[in-house]
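Coordinate analysis (summary)
Take a look at the letters that make up each chain.
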Amino acid sequence: MIAGLEDTMSHRTFRLAACAAAAILSGLAAAGASPPGIEDQLLGFSSAGAGVELEREQAFDALISKEELRAWLEHLAARPHHVGSEWGRANAEWMRDLFASWGYAARIESFDVLFPTPKRRALEMVAPKRFRARLAEPALAGDPTSGQQKEQLPTFNVFSIDGDVEGELVYVNYGLPEDYEALAQHGIDVKGRIVLARYGGSWRGIKPKVAAEHGAIGCLIFSDPSGDGYTQGDPWPKGGWRSGDSVQRGSVADMPFHSGDALTPGVGATKDAVRLPLAEARILTRIPVLPISASDAEPLLAALGGAMAPPAWRGALPLPYRMGPGPARVHLELAFDWSLKPVHDVIAVLPGAELPDEWIVRGNHHDAWVNGASDPVSGMVALLAEAKAIGGLAKAGFKPRRTLVYAAWDGEEPGLLGSTEWAETHLAELRDKAVAYLNTDSVSRGFLAAAGSHSLERLVNEVGRSVIDPERAVPVLERTRAAGIANGDDKQRERLRGKSDLRIGALGSGSDFTPFLQHVGIAALNVDFGGEEQYGQYHSIYDSIAHYERFGDPGFAYVAKAAEVNGRLTLRLSESDVLPFTLDRTAEAIGEYAAELGELTDGLRKASEERERLLGERSLELAADPQQTFVAPPALDRVPFLEFAPLSNAVALFEKAAAEFEQARTAAVDRGLSVETRAELNRFLRTFERRLTSDAGLPGRPWYRHQIYAPGQYTGYGVKTLPAVREAIEQRHWDEANVQIRQIAVLLDAARAAIEEMTTKLEPPSS
Ligand SMILES: [Zn+2]
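The structure displayed is predicted, hence computed values, not measured ones.

Of all six residues in strand 14 (residues 434-439), six are buried; the element is thus mostly enclosed. As paired elements, strand 12 (residues 355-365) and strand 14 share five bridges and run parallel to each other. Bridge pairing links Ile 360 to Ala 436 in strand 14. Two strands pair when backbone bridges link them, and strand 14 and strand 16 (residues 524-531) are joined in this way by three bridges, in the parallel orientation. Bridged to Asn 439 within strand 16 is Asn 526.

Structurally, the position occupied by Ser 608 is in helix 20 (residues 583-617). A residue is classified by how much of its surface remains accessible, and Ser 608, at 5% relative accessible area, is buried. Ser 608 has contacts with Leu 636, Asp 637, Val 639 and Arg 732, leaving out every residue within four places of it along the chain.

For the rest of this paragraph, the subject is helix 20. For an α-helix, the turn length of 3.6 residues means that residues three or four places apart are oriented alike. With 35 residues, helix 20 extends 52 Å from end C-alpha to end C-alpha; this agrees with the ideal 51 Å at 1.5 Å per step. A positive backbone phi angle near 60 degrees is found at Arg 618, which sits one or two residues after helix 20.

Attention shifts here to the pairing of strand 10 (residues 329-337). Each regular strand shows side chains that alternate between the opposite faces of the sheet. Relative to strand 10, strand 2 (residues 117-127) runs antiparallel, the two being bridged by nine bridges. Its bridge partner being in strand 10, Arg 120 is matched across the sheet by Ala 335. Bridge analysis of strand 5 (residues 163-171) against strand 10 gives six bridges, and the strand direction is antiparallel. If you follow Glu 168 over to strand 10, its bridge partner there is Arg 329.

As a further point, take empty space enclosed by the protein. One pass over the full model with this rule turns up six cavities of 30 Å³ or more. Within this model, the largest cavity holds a volume of roughly 70 Å³. Contributing to the lining of the largest cavity are 15 residues, with Met 255, Glu 412, Glu 413, Gly 510 and Tyr 717 lying nearest its centre. Going through the elements one at a time, strand 8 (250-251) and helix 11 (412-415) are the ones with two or more residues in the lining of the largest cavity. For the lining of the largest cavity, the leading source of residues is helix 11, giving four residues. Split by residue class, the lining of the largest cavity holds six nonpolar, six polar and three charged.

Turning our eyes to something else, we now look at the confidence of the model for the chain. The pLDDT averaged across the chain works out to 94; a share of 95% of its residues lies at or above 70. This model gives residues 1-29 a pLDDT under 50, and the stretch forms 123 contacts once residues within four places in sequence are excluded.

A metal bound by six donors in octahedral fashion has ideal angles of 90 or 180 degrees, whereas one bound by four tetrahedral donors has an ideal angle of 109.5 degrees. Each protein donor to the zinc ion is listed here as His 365 (NE2), Asp 375 (OD), Asp 441 (OD) and Asp 441 (OD); together their distances run 2.0 to 2.5 Å. Bound by four donor atoms, the zinc ion shows angles of 54 to 148 degrees at the metal and therefore irregular coordination geometry. Each donor residue of the zinc ion belongs to the same chain, with the gaps between them written as H-x9-D-x65-D. Placement of His 365 in strand 12 and of Asp 375 in helix 10 (residues 373-395) is noted, with a sequence separation of 10 residues between them. Residue His 365 shares its accessibility class with Asp 375, and that shared class is buried.

Evaluation of the coordinates by the stated rule reveals 57 salt bridges. With a shortest N-O distance of 3.7 Å, Arg 70 and Glu 549 are connected by a salt bridge. Of this pair, Arg 70 sits in helix 4 (residues 66-76) while Glu 549 is found in helix 18 (residues 545-552), placing the two residues 479 residues apart along the sequence. We classify Arg 70 as partly exposed; its relative accessible area is 29%. Residue class for Glu 549 comes out partly exposed when judged on its relative accessible area of 21%. Lys 433 serves as the salt-bridge partner of Glu 429, at 3.2 Å between the closest nitrogen and oxygen. Placement of both Glu 429 and Lys 433 in helix 13 (residues 427-433) is noted, with a separation of four residues, approximately one turn of the helix. With relative accessibility at 32%, the residue Glu 429 sits in the partly exposed group. Classification of Lys 433 by relative accessible area gives buried; the value is 14%. Within the structure, one salt-bridge network assembled from shared partners comprises Glu 457, Arg 465, Asp 501, Arg 503, Arg 585, Glu 588 and Glu 592.

Turning to the sheet that holds strand 12, a few remarks are in order. Strands pair in a sheet through their backbones, by hydrogen bonds, and they do so in one of two ways: parallel or antiparallel. Strands sit in the order 1-11-13-12-14-16-15 across an open sheet of seven strands; the sheet is mixed. With one partner strand each, in any of the chains shown, strand 1 (105-114) and strand 15 (446-452) form the two edges of the open sheet. Going from strand to strand, the sheet's axes swing by 20 degrees on average, the running direction of each strand aside.

Scanning the entire structure with this criterion turns up 24 aromatic pairs. Of the aromatic side chains, those joined through ring pairs into one cluster are Trp 72, Phe 99, Trp 102, Tyr 104 and Tyr 406. Over the aromatic face of Tyr 714 sits the side chain of Lys 209, whose NZ or CZ is 5.1 Å from the ring centroid. One residue, Arg 282, lies across the ring of Phe 257, its end atom 3.9 Å from the ring centre.

So, on to the sheet that holds strand 9 (residues 289-292). An order of 3-2-10-5-6-7-9 is seen for the seven strands of this open sheet, with the pairing classed as mixed. The sheet is open, and its two edges are formed by strand 3 (131-132) and strand 9, each paired on a single side. Bridge count for strand 5 against strand 6 (residues 194-198) is three bridges, and the pairing is parallel. For Leu 169, the partnering residue across the bridge sits in strand 6 and is Ile 194. Set on the sheet, helix 7 (residues 206-213) makes contact with strand 6, strand 7 (218-222) and strand 9; between it and strand 7 the angle comes to about 145 degrees.

Our focus in this paragraph is helix 9 (residues 294-302). Of all the residues in helix 9, the buried ones are Ala 294, Asp 296, Ala 297, Leu 300 and Leu 301. Buried residues of helix 9, viewed axially, fall in a sector of 150 degrees; they line one side.

Moving on: the side chain of Arg 611. With respect to the helices and strands, Arg 611 occurs in helix 20. In this structure, Arg 611 is buried with no salt-bridge partner, the nearest side chain bearing the opposite charge being Glu 181 at 4.9 Å. Residues within four places of Arg 611 in sequence aside, it is in contact with Pro 633, Pro 634, Ala 635 and Leu 636.

Definitions and limits used
Residues numbered from 1 in each chain as written. Predicted model: local features only at pLDDT ≥ 70, side-chain atom pairs only at ≥ 80, totals over all residues. Heavy atoms only, no water. Buried < 20%, exposed > 50% of the residue type's maximum accessible area, 1.4 Å probe, protein only. Helix = DSSP H or I, 4+ residues; strand = E, 2+ residues; numbered from the N terminus. Pairing = 2+ DSSP bridges. Contact = heavy atoms within 4.5 Å. Expected span 1.5 Å × (residues − 1). 1 Å grid on protein atoms, 1.4 Å probe; cavity = no way out; pocket = protein on both sides within 12 Å on 5 of 7 lines; lining within 4 Å. Points joined across faces, edges and corners; volume = space filled by probe spheres on them. Nonpolar A, V, L, I, M, F, W, Y, C, P; charged D, E, K, R; others polar. pLDDT = per-residue confidence, 0-100. Donors = N, O, S within 2.8 Å, 3.2 Å for Na, K, Ca; no water. Tetrahedral: all angles 85-135°; square planar, octahedral: opposite > 155°, others 65-115°. Salt bridge = Lys/Arg side-chain N within 4 Å of Asp/Glu carboxyl O. Axes fitted to C-alpha atoms, helices over the stretch in contact; angles between N-to-C directions. Phe/Tyr/Trp six-rings, centres within 6.5 Å; stacked < 30°, edge-to-face > 60°. Lys NZ or Arg CZ within 6 Å of the ring centre and 35° of its normal. Arc of directions from axis to C-beta. Lys, Arg positive; Asp, Glu negative; His and termini not counted.

Quick look at the structure:
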């Protein structure tokens, strides 16, 4: 999901990026230390209750079977199962029946969503010589399901518009705003031209969006081998990495505007929902866009003239990377079938015996781009194993205290369709009842990674200490910490060694947590394993059973561990006396994000001043090759000192209130809570995340209501924390930044007042 490799590595890369940067549990740094003696207790449980819970978890673990995980994966990934496919529907029915056999009230909820599929795709180079792109992935002998071509969707980017365009080609690197600034310095403009971008550097949907903003008429995205190809290791089928013929499908909708069905933003896409006319759908691209393989990109790149691309733009194909424009000219033609298709969510409920109106929602998607053995089936089967094990405990007499809702979402790949439509349909009920949403997607060999609401950070750490790595025989949390220490800089090492808990990452988007966290305001987590797989098959026909069983998680040991971790999270949320949220971690994280905003502004100010000097002394111009085109970059506007005081004050008071609340809570629990106080405390904790949202949403994108975490408008999956302020600063809207600073301060003040009120109720009556 985040930074750097995200497109080549999928939504899971937040973990890989994090590994590389020494920042696992996908964030950096260590968080606050646990109080002494806490290790033998469980957050939210009495001592006696903790003993029962730990025994229950032993019994739960014993019910997880690796053989079953493998058999389920081989069934679900046996045929292509994208939105609207026969196998997708069959998988939903099969899982519904499994849940029912384990004692759940299981049903399928269906929605009708816009899912355009290709009718015509053509890409041809018309000058300086002719070349017709193959636009297909060949079947491979060592990969049996790769030959199921009749059932496979062709290679395409969903939510591209129809188009028939011809123009000169320009190579734009990752196609991010800064890449266009570099092109401008070479005097290159993409207006009326077709851009060729490589995957990586941001979520793919950002590439056509930025290209269109610069006047391009078409966009091609290719998988350069420098991303997930041979530079990482042997390509499939010898190794696990992407071959030259493999293509990354994927959505290019403007998901930072809203996720879910393009025609029903904010409401469920039920049969009789009021739908926007297609022309008013805001999340379609403005230009046609098509993904291609490295093999199809190579002749196009080789035919480009003009100046050499900057060193950082050069990939791993054996040719000089030039920017153009031309003399390569290409003709791109795309036409789609714009009909609605059904999505089938599987919803399986085990009602709570004591607190039926408090829901723990646990989800993973079941649709894939093609066979999807890794994405999503590896995560889906872990969820099934958890549900079966809890069903087994229930058959032996266990009655969950709170209600468990297991979900297998359809339509995640095109844009979180099934989860978003379900969340929008059940919005009022979720706001009232949801305790937390626990997401997974793909799982593979490697390190524990976690991101989400910081109120759940301590719980994740507690669970990470209680699950043992299958290959190293230490707690999975300690491998994550060790990787951070081994790969980190001195400062990161010191922080990771100094504290017992690790900081979890913040969530942007890229999987089904988005509607729950950012639209409804439910505390959410995304927790999985990975980083030691060979995964160059993301969104291709080669994300197959054969591939996963050699290079994903051959022994299914880490899939089983994902079930252990998420099973514990689910059970501890369900069975705790007092919900295991800790608000001091939320306060700490917000404090760090607020501090970053000041550093960001200072950095931009410095850059503006430096630009002014460079222009004044003509250094850039004099340093440039006189025989090449050079256009001096424009001067940057002066960066004023922003009015951070309201935010700084709000954060300081929030931190103080959260710390006092945690103390009062601990003391009150030690004294013993009355039934009423406990119920009130739990209601407060359950709904606290909603206080970090606003009904008006983020500026210009009201669907996103969370004011702490959002996907970036120019990063896609990548998170922007305190997004309203951060994006105003990044976009150099200084007045707007000051307005948003005051607004977030008001929101934090209101949340803090609620914390103080709850603290007062927890304090002993004064004598
Ligand atoms: Zn997925």
